[in-house]
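Topology and contacts: notes
The lines below spell out each chain.
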Amino acid sequence: MKTPTRNRRAEILDAAAALFAARGFHGVSIEDIGAAVGVSGPALYRHFSGKEALLTEMLLGISERLREQGARLATTADPDTAEAALDALLAGHIDFALRHPALIRVQERELDNVPEQARRAIRRLQRLYAEEWVAVLAELHPDCPQARLRAAAHAVFGLLNSTPHSAGELSPEAMAGLLHTMARAALCQIG
């Protein structure tokens, strides 16, 4: 049997993300996803064991991608300044949020439809991602308690992840600039 290509799997994941974001996990069938990529619903079983497996891979994938990106950006921006690391983290998250609003929606609404073990893995990856931000913020605000830094990082994630609901009237570039300015200002005031 031929192994499915990464591109086909990515195409299916993208189509499913758009459908789940628009209609919810339970409002989408395997046939709907298949139709979106030009195949029959049952043909998707060559790529995924079912809709739940597809959602699980989607959410694990974005959580892992953000964690890896956060670790890379926090350490490679400019080793001499936490300011540069914070700007890199902000730019990376904003870029992700603006380019993948469907994934943001699916993440916020559909995590409970993932099996418990995978849900724990997703939450662990999300905590690791947040801790990259906390480490950078701790350099900027060394006297601030870790719990406050963590709460601030999560509050900024809420702001940045609101883009599926707030972006539209502004160009992506203008929205990115606005989000960066607002998030940076908030994070500079937490100390």
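Above this text you will find the structure in question.
Below you will find a few notes about this structure. Every value quoted in this text rests on a predicted model; they were computed, and no experiment measured them.

Quick notes on the rules
- Residues numbered from 1 in each chain as written.
- Predicted model: local features only at pLDDT ≥ 70, side-chain atom pairs only at ≥ 80, totals over all residues.
- Heavy atoms only, no water.
- Core = buried A, V, L, I, M, F, W, Y, C linked by side-chain atoms within 4.5 Å.
- Buried < 20%, exposed > 50% of the residue type's maximum accessible area, 1.4 Å probe, protein only.
- Helix = DSSP H or I, 4+ residues; strand = E, 2+ residues; numbered from the N terminus.
- Expected span 1.5 Å × (residues − 1).
- Arc of directions from axis to C-beta.
- Contact = heavy atoms within 4.5 Å.
- Salt bridge = Lys/Arg side-chain N within 4 Å of Asp/Glu carboxyl O.
- Patch = residues over 30% accessible without salt bridge, like charges linked within 9 Å, V, L, I, M, F, W, Y side chains within 5 Å.
- Areas by Shrake-Rupley, 256 points an atom, 1.4 Å probe, with all protein chains shown as cover.
- Axes fitted to C-alpha atoms, helices over the stretch in contact; angles between N-to-C directions.
- Left-handed = near helix turned anticlockwise from the far one by under 90°.
- Nonpolar A, V, L, I, M, F, W, Y, C, P; charged D, E, K, R; others polar.

**A short note on the nonpolar core**
Core analysis: the largest hydrophobic core is formed by 58 residues, its most contacted members being Phe20, Ile33, Leu54, Met58, Leu90 and Trp133. The element contributing the most residues to this core is helix α4 (residues 82-99), with nine residues.

**Describing helix α7 (residues 146-160)**
Look at α7: 21 Å from first C-alpha to last across 15 residues, which is about the 21 Å you get at 1.5 Å a residue. Within α7, the full set of buried residues consists of Leu149, Ala152, Ala153, Val156, Phe157 and Leu160. Along the long axis of α7, the arc covered by the buried residues comes to 145 degrees, so they all point the same way. Turned more than 90 degrees away from the buried face of α7, the exposed residues are Ala147 and Ala155. Contacts made by the buried residues of α7 are with α4, α6 (116-140), α8 (163-166) and α9 (172-188).

**Looking at the pattern of salt bridges**
The tally for this structure, following the rule as stated, stands at ten salt bridges. The partner of Glu57 in a salt bridge is Arg9, with the nearest N and O atoms 2.3 Å apart. Of this pair, Glu57 sits in helix α3 (residues 51-76) while Arg9 sits in helix α1 (residues 6-23), and the two are 48 residues apart along the sequence. Note on Glu57: relative accessible area 29%, which makes it partly exposed.

**Side note on the environment of Pro115**
Considering the arrangement of structural elements, one finds Pro115 in the loop between α5 (101-110) and α6. Sequence-wise, Pro115 and Trp133 are 18 residues apart; in three dimensions their C-alpha atoms are separated by 28 Å. Ignoring any residue separated from it by four or fewer positions in sequence, one finds Pro115 in contact with Glu52 and Thr56.

**A few points about a nonpolar patch on the surface**
Residues Leu170, Leu178 and Met182 make up a contiguous nonpolar surface patch of about 250 Å² in total accessible area. Tracing the backbone shows Leu170 in the loop between α8 and α9. Given a relative accessible area of 40%, Leu170 falls into the partly exposed group.

**Concerning α4**
Helix length check: α4, at 18 residues, gives a terminal C-alpha distance of 26 Å against a target of 26 Å (1.5 Å per residue), a fit within 8%. At its buried positions, α4 is contacted by α3, α5, α6, α7, α8 and α9.

**Re the packing of α4 against α7**
For the pair α4 and α7, the least separation of the axes is 10 Å and the interaxial angle reads 35 degrees. Here α4 runs over α7; the crossing is right-handed. On α7, the residues that touch Leu90, His93, Ile94 and Ala97 of α4 are Val156, Phe157 and Leu160. When grouped by side-chain class, the residues that make up the contact of α4 with α7 number six nonpolar, one polar and no charged.

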